[in-house]
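Each chain is listed here by its residues.
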Amino acid sequence: MRLLRGVYEGPGSHGILRVAASLRGVHAVLRALPGEGYFPALYGSRERVGEAAPVTLSPLGEEAKESPGDLARDLASVVRRHPRAETIVLARSEAALLSGENVPATSLAESLGTAKTPRLVTCSWEAPGMRETEAAELALEDLIRAHVRGRPERSPYPTVNLFGPPVFGPSAGAEYAEAERLLDLIGVEVNARVPLGAGAAELARLPRAWANVLLYREVGESATLYLQDEFGTGRVTTPMIGAAGTGAALRAVGELCDLDPKTVQRTIWTELAHTAKLPWYARLEPPEVLQGRRVAIFGDFTYPLGLGYALAREVGLEVAACGTYLTHLERDFLFHANTFTEGAFVEDDPAEVAARVEAASPDLVVGTHLEEEVADSLGVPFLPLCPPAKGTPFVGRPLMGYAGSSVLADALDGVLTRSRKEAAKDQGQP
Amino acid sequence: MTILNESGIPDVLPPLHAASGLAERLPGALVVVVGTQAEAHLVQSLPGAPSPNLPGPTRNPRLMFAVLDPERPPQQGLLASRIAEAAARPRGTELVLLVAGRSARLLGVDAAFEARLVARKLELPAEVVDPDAPHESPGTLSTDLEARTLAALVDLCPERRTSDLLETGSPAKRGGLFGGLLGRGREERPGTQGHPVVLLGGASSSPGSARELAAELLRAGVEVAGAVPGELPALGEGTVVAVLDPNLTAAAQVAERRGARVVRTLMPVGVDGTARFVQDVAGEAGVRANEVSRARSVWEELGALRSRIRGKRIFFAGDTGVEIPLARFLADAGAVVLEVGAPRLDRRFLAPEVQALGPDVDVVVSPDWRGQMERIEEARPDVVVASPGLYVPLVARGHLCRSPWDFLEAGLYGYAGARRVLELLARTFERAETLDALNL
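## Looking at the overall build of chain B
Alright, step 1. Summing up its helical and strand segments, chain B has 17 helices and 16 strands in all.
Alright, step 2. Put simply, of all contacts in chain B between residues at least 6 apart along the chain, 76% involve residues at least 24 apart.

Okay, here's the thing in structure tokens:
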């Protein structure tokens, strides 16, 4: 038992619901206490899309002996009321898992109108204590396994699948769009975007792609490993953050798709000349602005690693601390983070994270919304670039790709130049 | 008036969302949410009063999460010692609230025992609030945690015995704990009534509205001895308890068990509601009051505002429980109430409210959210008072929406509250008309 001031992740069921709500044609049934159905409210306020959240609560309770409350009957009612749902996902809250209730051996009836029987994905691996990200990863794999049938032929021209963040990810849609734009430039088509906006048809045709590009490894890892084992589809795992990361990812895609390396390199140069402003920013600023400036980074997996590498190597800041709250990815994270910092750590207690950040005495904090307080108390600038983040922009700004590197340059320019001016003012300089 | 039970799954914001709001509104209280990752995430994700644009997560040093490990349930007493350590840090802790629901129970935490241990270690009151405890009538309301907390606070009020009957003034000031709501700085007046009156409720809204109501009662000759939440008044035999919110069945029961007399009347929402409330509370306190002329003059003052909402068709799909008195008032004020959704309806406790609803008002108990959306699409009301899950989808379908929390935050009690409710609606219609007039 731990006494915490906050949490970075939700429970496993929340991760499953995030993946289910990202896909099209999927309806989730949340088996939980009547007072645990907060996903629709959160979906409304975060996504602001106007569609009702594709989630139905099946209330678990002492008094809920009759419908609603009977899980088998609730599943049947969801099929009846959502005839266009091709897949039904069952997520169970921690209270439901702890109550020891078994998943009823039920088969879904045909939905009226379409005369098709929806698939049922029960997420039987769910266990109390499992966290949001890990559950999202496993749920995505299950959903893909449920849809992939047979061995579809490889597409006649090079295509890739994009495995990106699910709903509630910061500017998730913009990340996919930027990656797709860049792939298009090197002549690779996107076969499917997973999970955001993918339907049953996209999931079924995933094996047609020549490679899988992992934009957001924490959620796509298991699914792409399954596709690699089963269909031999190669993976590109380099975070597409910063100009160097993006270039490396594009070159790797080029290799897997048998593209001419020179063509890929030409595209990269063109982008570096026109779109990617981070290298330009690093050269434009006087060295004093950036050299020796310490930054502390904290977040999930892809963002702190990608940002850490870009800030350390491309911008020349000193990454004094870089951490993740994803304890189940500890080894992987430390392996990668140790390449650019000596202050790599894994921690999921916000108070401990704040202590690590403080100990690093940074000039800039890049983190989740929970790190804002420590940045304030240290009086240093803060960039909320890692999920979970506050704010629900109507127009997403990518952090990935070359356009993302320019967004990063803008963000750094804003905080570092301002803090330099303030420091100069404090010292009485004009 | 017809009451139907749809036996559906209503869209209700989890009661637990109110934990961070409680930590803010009850100064001196340390709120510890005991449960799994799920409870902590829920409270953190839904801070404060919900609206379509949920405010970003805020961190309150008086709110903590005891996250239990399902693999290793804690030993008895461990929770209490951790809380005792933590309570020492924020200064001025005067009460510890352990919010422990079903997950904590399933993991073997005896919250009552831990609370007793915390109380002994810190020499402070410590109470358990169970957000999942069943209610007399089935269903969940988003304001249930406040209601349970109020019941716990009533339990903490100092006992009052028959021998104290003549002392009707405020209890001795203790300073600090829940101070500042009522009575602070108010001149003591000799008692003019037979029984002290305690107001119960208003936890979900601004404390100012309870003060207004106390002033309203004072005008009728009834002095309010205190309010819960507020500086905890003595409560027991002979105390008259006036309930402000329709969901406070549990708190009213605790007061009744102590021998207090809970006034069965309308909630002080709207003009007639306030008039009946003041009259009945005064009557129970032994003061004869007649609010008829006051109510008539308030109705006259509201004439212009009433004409702006007359004939407007309103659909209530809220989840706070306050929709019933609100619908009653708006129907009286000339609006057409199409339907009132009640995720839970305690018909016995709310008997006066249910009886006072106009003949054309339909109440749907346990409404199904999809059914509600279909009926809203069909009826095309002028405004929908919508729960958070329905709000954005309904706005996207072209409906004008307000959150029930907007009314609570505006302060809906008393005659002044009636005006604020009408102003809020008039403002809503005005803004919508301005936006619709634009040629996009």
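Past the structure itself, the notes keep going.
## Some remarks on the side chain of glutamate 114 of chain B
All names here are of chain B.
Alright, step 1. Locating glutamate 114 in the fold gives a position in helix H5 (residues 111–122).
Alright, step 2. Among buried Asp, Glu, Lys and Arg side chains, glutamate 114 stands out as unpaired, with lysine 121 the closest opposite charge at 7.6 Å.
Alright, step 3. In contact with glutamate 114, not counting residues within four places along its chain, are Gln75, Gln76, Gly77, Leu78, Leu79, Ala80, Leu98 and Val109.

## Some remarks on unusual backbone geometry
Alright, step 1. At the junction of proline 387 of chain A and proline 388 of chain A, the peptide bond is cis and its omega measures out at 0 degrees in the coordinates.
Alright, step 2. Looking at where proline 388 of chain A falls in the secondary structure, it is placed in the loop between strand E14 (382–383) and helix H17 (401–426).
Alright, step 3. With an omega dihedral of 5 degrees, the bond running from valine 228 of chain B to proline 229 of chain B counts as a cis peptide bond.
Alright, step 4. Its location among the elements puts proline 229 of chain B in the loop between strand E8 (224–228) and strand E9 (235–236).
Alright, step 5. A positive phi is found at cysteine 123 of chain A, a non-glycine position, where the angle reads about 50 degrees.

## Quick look at helix H8 (residues 217–231) of chain A
Residue and element names in this part refer to chain A.
Alright, step 1. Considering bend angle alone, the principal kink of H8 is centred on alanine 223 and spans about 25 degrees.
Alright, step 2. For H8, the full list of buried residues reads Arg217, Glu218, Val219, Gly220, Glu221, Ser222, Ala223, Thr224, Tyr226, Leu227 and Phe231.
Alright, step 3. Just past H8, the residue glycine 232 takes up positive phi, approximately 70 degrees.

## What about the sheet that holds strand E8 (residues 211–214) of chain A?
Residue and element names in this part refer to chain A.
Alright, step 1. If you trace the 4 strands from one edge of the open sheet to the other, you get E7-E6-E8-E9, paired in parallel fashion. Of all strands in the sheet, those bounded by a partner on one side alone are strand E7 (189–194) and strand E9 (234–236). Across the sheet, the mean angle from the axis of one strand to that of its neighbour is 25 degrees, orientation sign disregarded.
Alright, step 2. Examined bridge by bridge, strand E6 (residues 159–163) and E8 share 4 bridges and lie parallel to one another. Within E8, the residue paired with asparagine 161 across the bridge is asparagine 212.
Alright, step 3. Taken strand by strand, helix H9 (residues 242–256) contacts E6, E8 and E9, and its axis lies near 165 degrees from that of E9.

## Observations concerning the nonpolar core
Alright, step 1. Core analysis: the biggest nonpolar cluster contains 241 residues, and Ile144, Val366 and Leu412 of chain A together with Leu199 and Leu330 of chain B have the highest contact counts within it.
Alright, step 2. Non-local contacts of leucine 412 of chain A, meaning those with residues more than four positions away in its chain, are made with Leu278, Tyr281, Leu311, Val315, Leu317, Leu364, Leu383 and Thr417 of chain A.
Alright, step 3. Counting residues in hydrophobic clusters, the runner-up holds 25 residues, among them Val32, Leu68, Ala86 and Ala100 of chain B.

## A short note on the environment of leucine 232 of chain B
Alright, step 1. Here leucine 232 of chain B lies in the loop between E8 and E9.
Alright, step 2. Distance from leucine 232 of chain B to leucine 412 of chain B, taken between C-alpha atoms, is 23 Å for residues 180 residues apart in sequence.

## Some points on the domain arrangement of chain A
Residues and elements named next belong to chain A.
Alright, step 1. Considered domain by domain, chain A is made up of domain 1 (12–130), domain 2 (159–274) and domain 3 (284–426).
Alright, step 2. Measuring from the centre of the C-alpha atoms in domain 1 to the corresponding centre in domain 2 gives 30 Å.
Alright, step 3. Residue-level contacts link 13 residues of domain 1 with 13 residues of domain 2.
Alright, step 4. In total, about 1100 Å² of surface goes out of reach between domain 1 and domain 2, with carbon and sulfur atoms giving 62% of it.
Alright, step 5. Looking only at domain 1, the three residues that lose the most surface to domain 2 are Arg18, Ser22 and Arg24, adding up to 48% of its buried area.
Alright, step 6. Connecting domain 1 to domain 2 are 1 salt bridge.
Alright, step 7. Here arginine 24 ties to glutamate 202 by a salt bridge, and the two come within 3.1 Å at their closest N and O atoms.
Alright, step 8. Counting residues per element, the ones that place at least two in the side of domain 1 that touches domain 2 are helix H1 (12–22) and helix H2 (39–47).
Alright, step 9. Each residue belonging to the side of domain 1 that touches domain 2 can be placed in one class, and the counts come to 6 nonpolar, 2 polar and 5 charged.

## Regarding the interface of chain A and chain B
By a frequent convention, interface size equals the accessible area lost on bringing the separate parts together.
Alright, step 1. Tallying the contact residues gives 52 residues for chain A and 62 residues for chain B.
Alright, step 2. Summing both sides of the interface, chain A and chain B together bury roughly 4800 Å²; the carbon and sulfur share of this comes to 60%.
Alright, step 3. Three residues, Met1, Leu3 and Arg5 of chain A, lead the burial of chain A against chain B; their summed loss comes to 19% of the area buried on that side.
Alright, step 4. Applying the counting rule to chain A against chain B returns 2 salt bridges.
Alright, step 5. Between chain A and chain B we count 16 residue pairs in polar contact (both at pLDDT 80 or more) in total.
Alright, step 6. Counting residues per element, the side of chain A that touches chain B draws most heavily on H2 of chain A, which supplies 5 residues.
Alright, step 7. Its residues assigned to classes, the side of chain A that touches chain B comprises 24 nonpolar, 15 polar and 13 charged.
Alright, step 8. Relative to strand E3 (residues 63–67) of chain B, strand E1 (residues 2–4) of chain A runs antiparallel, the two being bridged by 3 bridges.

## Regarding a nonpolar patch on the surface
Alright, step 1. On the surface, Leu435, Leu438 and Leu440 of chain B cluster together into a nonpolar patch covering about 380 Å² of accessible area.
Alright, step 2. Along the chain, leucine 440 of chain B turns up in the segment after helix H17 (414–437).

## Some words on the pattern of salt bridges
Alright, step 1. Considering all chains together, one arrives at 39 salt bridges over all chains under this definition.
Alright, step 2. Measuring nitrogen to oxygen at the nearest pair gives 3.2 Å for the salt bridge that ties glutamate 136 of chain B to arginine 348 of chain B. You can see glutamate 136 of chain B sitting in the loop between strand E5 (126–129) and helix H6 (144–156) and its partner arginine 348 of chain B sitting in the loop between strand E13 (336–342) and helix H13 (351–356), a full 212 residues away along the chain.
Alright, step 3. Arginine 420 of chain B is paired through a salt bridge with glutamate 212 of chain B; the nearest N and O atoms lie 2.8 Å apart. Of the two residues, arginine 420 of chain B is situated in helix H17 and glutamate 212 of chain B in helix H7 (residues 208–219); the sequence distance between them amounts to 208 residues.
Alright, step 4. Taken together, the shared-partner salt bridges connect Arg2, Glu9, Arg131 and Asp348 of chain A into one network.

Rules used throughout
Residues numbered from 1 in each chain as written. Chains lettered and ligands numbered in written order. Predicted model: local features only at pLDDT ≥ 70, side-chain atom pairs only at ≥ 80, totals over all residues. Heavy atoms only, no water. Helix = DSSP H or I, 4+ residues; strand = E, 2+ residues; numbered from the N terminus. Contact = heavy atoms within 4.5 Å. Buried < 20%, exposed > 50% of the residue type's maximum accessible area, 1.4 Å probe, protein only. Lys, Arg positive; Asp, Glu negative; His and termini not counted. Salt bridge = Lys/Arg side-chain N within 4 Å of Asp/Glu carboxyl O. Bend = angle between axes of the 7 residues up to and from the residue. Pairing = 2+ DSSP bridges. Axes fitted to C-alpha atoms, helices over the stretch in contact; angles between N-to-C directions. Core = buried A, V, L, I, M, F, W, Y, C linked by side-chain atoms within 4.5 Å. Domains from an automatic or database assignment. Buried area = accessible area lost by both parts, 1.4 Å probe. Nonpolar A, V, L, I, M, F, W, Y, C, P; charged D, E, K, R; others polar. Polar contact = N/O pair within 3.5 Å; in protein donor to acceptor, adjacent residues only side chain to side chain. Patch = residues over 30% accessible without salt bridge, like charges linked within 9 Å, V, L, I, M, F, W, Y side chains within 5 Å. Areas by Shrake-Rupley, 256 points an atom, 1.4 Å probe, with all protein chains shown as cover.

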